[in-house]
Amino acid sequence: MRKSILLLLFLAWALAHTSSTAQNREFPNAVHARLNFFDFGTLNDEDFKLGEGFEVGYFRNIAPFLNVGVPFKLGLAKLPGTSGNTVTTSLDLVFHLENIRDDAKISPYAFAGGGYFLEEFENGHLQFPFGAGVNFRVSKYAFINTQLEYRKSAKDLRDNIQLGLGFVYLLHEAEPKPQPPADRDRDGVPDISDQCPDVPGPA
């Protein structure tokens, strides 16, 4: 636990001291989708128990290097003390400390927050996720994302680790289409090259 906290503090220091532009200063809104693989066994004195699910979320930039997000998760988990799969859902509020330069190809981030976790849409309890991830730019607005997350549970035998793979997309207005050259007489010859721009004629 202490090593994880020290790692997060180091990432926060490194991100805060990088001279660059905040990720969403120009595009403050982003959405993400992710496939998650998780294990509830290793941290609870049981054998490794692999489950999987998906996640969608919305993020908003609220300050330089700081984004706040609301991820929703749904999955099938093999929980300690149960047989078979259990449908799990969670809704979190998380804070991302990240710093993506406009020209950066690889950008790390650290995060922490809290959320509410449900088993079979009932038996809810609090969980506190924190971890780190990396965004790999594939276009001006899109990133491939990997994330490692530790979730500390307020309920016994529910601590878990999650590994996710997905994408992040920055919301933006459609870029204006280039306008064709002015052609007042509509004869197919641009005004700049037309010897009679107000009288249509053959090219």
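Our structure is the block above this text.
Just so we're clear, the structure is a prediction, and the values are computed from it rather than from any experiment. (Residues numbered from 1 in each chain as written. Predicted model: local features only at pLDDT ≥ 70, side-chain atom pairs only at ≥ 80, totals over all residues. Heavy atoms only, no water.)

Peer 1: I'm lost on empty space enclosed by the protein in this one. Help?
Peer 2: A complete count under the given rule lists three cavities of 30 Å³ or more for this structure. When its volume is computed, the second largest cavity comes out at roughly 100 Å³. Around the second largest cavity, the lining comprises 14 residues; the ones closest to its centre are Phe38, Lys73, Thr88, Phe117 and Gln162. Of all the secondary structure elements, the ones that give two or more residues to the lining of the second largest cavity are strand E1 (29–39), strand E2 (50–63), strand E3 (66–77) and strand E4 (86–98). (1 Å grid on protein atoms, 1.4 Å probe; cavity = no way out; pocket = protein on both sides within 12 Å on 5 of 7 lines; lining within 4 Å. Points joined across faces, edges and corners; volume = space filled by probe spheres on them. Helix = DSSP H or I, 4+ residues; strand = E, 2+ residues; numbered from the N terminus.)

Peer 1: Teacher, can you tell me more about unusual backbone geometry here?
Peer 2: A negative phi holds for most residues other than glycine; trans holds for most peptide bonds. For phenylalanine 65, which is not glycine, the phi dihedral falls at a positive 70 degrees. The residue phenylalanine 65 is located in the loop between E2 and E3 in this model. With phi around 65 degrees, leucine 157 is a residue other than glycine that occupies positive phi space. The topology assignment puts leucine 157 in the loop between strand E7 (142–153) and strand E8 (160–170).

These figures come from the coordinates and say nothing about function on their own.
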